[in-house]
Amino acid sequence: MAFRRPDALRVEIPGPLGPRLVAVARDGQLVAVFPGDHCVFTGEAGADAFASLLGIALDPSEIMDLLVGVSSPKLRAYRAGWGAKLPSVIEATLPDGGRLNVQVEDADLDPSLGSRAFDAPASGGFRPVTAAEARELWSAR
């Protein structure tokens, strides 16, 4: 996961043969590709899309805050266990009651990211899917 304020967020979920999901939110738009399935989901980058896709009903800025140790008023509960400069453990109860537990292995406050890190992932020829189909693609395995 990487982000650049105010609204650029990148999420990659690994799989055995490469990424299962690469999602980029930027300029109010969300593009999520499933390379192994040749599918793409596009939508508005808001809490509803993140809830449908990842089960996290927060908008990109709230996700960024959560990762740097700032709770959102939408959360039912939030706890951060701190490393040297950033949280190393994050436990949150989401608005719908779901629990999010994050173990941060390597946090960097100022990573050297390429200029294209927050460009929409390539999806030429990929089949468009709904948010529900997209969530099944990565979570059912």
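Above: the structure in question.
J.: A description of the packing of helix H1 (residues 47-54) against helix H3 (residues 131-139) should follow, citing residues and the corresponding values.
T.: One can describe the packing of H1 onto H3 by two numbers: an axis separation of 7 Å at closest approach and a directional angle of 40°. Between H1 and H3, the angle falls in the class oblique. Contact residues: H1 offers Ala51, Ser52, Leu53 and Leu54, while H3 offers Ala131, Ala134, Arg135 and Trp138. Here the contact of H1 with H3 is composed, by residue class, of six nonpolar, one polar and one charged.

J.: Give me the side chain of Ser72: which residues, what numbers.
T.: As for its position among the elements, Ser72 is in the loop between helix H2 (60-67) and strand S6 (77-82). Every residue in contact with Ser72, bar those within four places of it in the chain, is listed here: Leu58 and Glu62.

J.: Hey, could you go over H2 for me, with residue numbers and the actual values?
T.: Burial analysis of H2 places six of its eight residues in the buried class, the great majority of the element. Of all the residues in H2, the buried ones are Pro60, Glu62, Ile63, Met64, Leu66 and Leu67. Immediately downstream of H2, the backbone of Gly69 shows phi near 100°, a positive value.

J.: Any details on unusual backbone geometry? Residues and values, ideally.
T.: Cis peptide bonds are those with omega within 30 degrees of zero, and the linkage from Arg5 to Pro6 qualifies with 15°. Its location among the elements puts Pro6 in the loop between strand S1 (2-4) and strand S2 (8-15). At Asp27, a position not held by glycine, the phi torsion is positive, near 55°. Along the chain, Asp27 falls in the loop between strand S3 (18-26) and strand S4 (29-34).

J.: Got a sec to walk through H3? Specific residues and values, please.
T.: By the burial criterion, the buried members of H3 are Ala131, Ala134, Leu137 and Trp138. Projected onto a plane normal to the axis of H3, the buried residues spread over an arc of 115° and lie on a single side. Pointing more than 90 degrees away from the buried face of H3 are the exposed residues Ala132 and Glu136. On its buried face, H3 is in contact with S2, S3, S4, strand S5 (39-44) and H1.

J.: Requested: an account of the pattern of salt bridges, with residues and values cited.
T.: Taken as a whole and judged by the stated rule, the model has eight salt bridges. Measuring nitrogen to oxygen at the nearest pair gives 3.1 Å for the salt bridge that ties Glu62 to Lys74. A residue pair is termed long-range when its members are at least 10 positions apart, and Glu62 in helix H2 and Lys74 in the loop between H2 and S6 qualify at twelve residues. Taking relative accessible area as the criterion, Glu62 reaches 12% and is therefore assigned buried. As a salt-bridge pair, Arg116 and Asp119 come within 3.9 Å of each other at their nearest N and O atoms. Residue class for Arg116 comes out exposed when judged on its relative accessible area of 63%.

Analysis parameters
- Residues numbered from 1 in each chain as written.
- Predicted model: local features only at pLDDT ≥ 70, side-chain atom pairs only at ≥ 80, totals over all residues.
- Heavy atoms only, no water.
- Axes fitted to C-alpha atoms, helices over the stretch in contact; angles between N-to-C directions.
- Helix = DSSP H or I, 4+ residues; strand = E, 2+ residues; numbered from the N terminus.
- Parallel < 35°, antiparallel > 145°, perpendicular 65-115°, else oblique.
- Contact = heavy atoms within 4.5 Å.
- Nonpolar A, V, L, I, M, F, W, Y, C, P; charged D, E, K, R; others polar.
- Buried < 20%, exposed > 50% of the residue type's maximum accessible area, 1.4 Å probe, protein only.
- Arc of directions from axis to C-beta.
- Salt bridge = Lys/Arg side-chain N within 4 Å of Asp/Glu carboxyl O.

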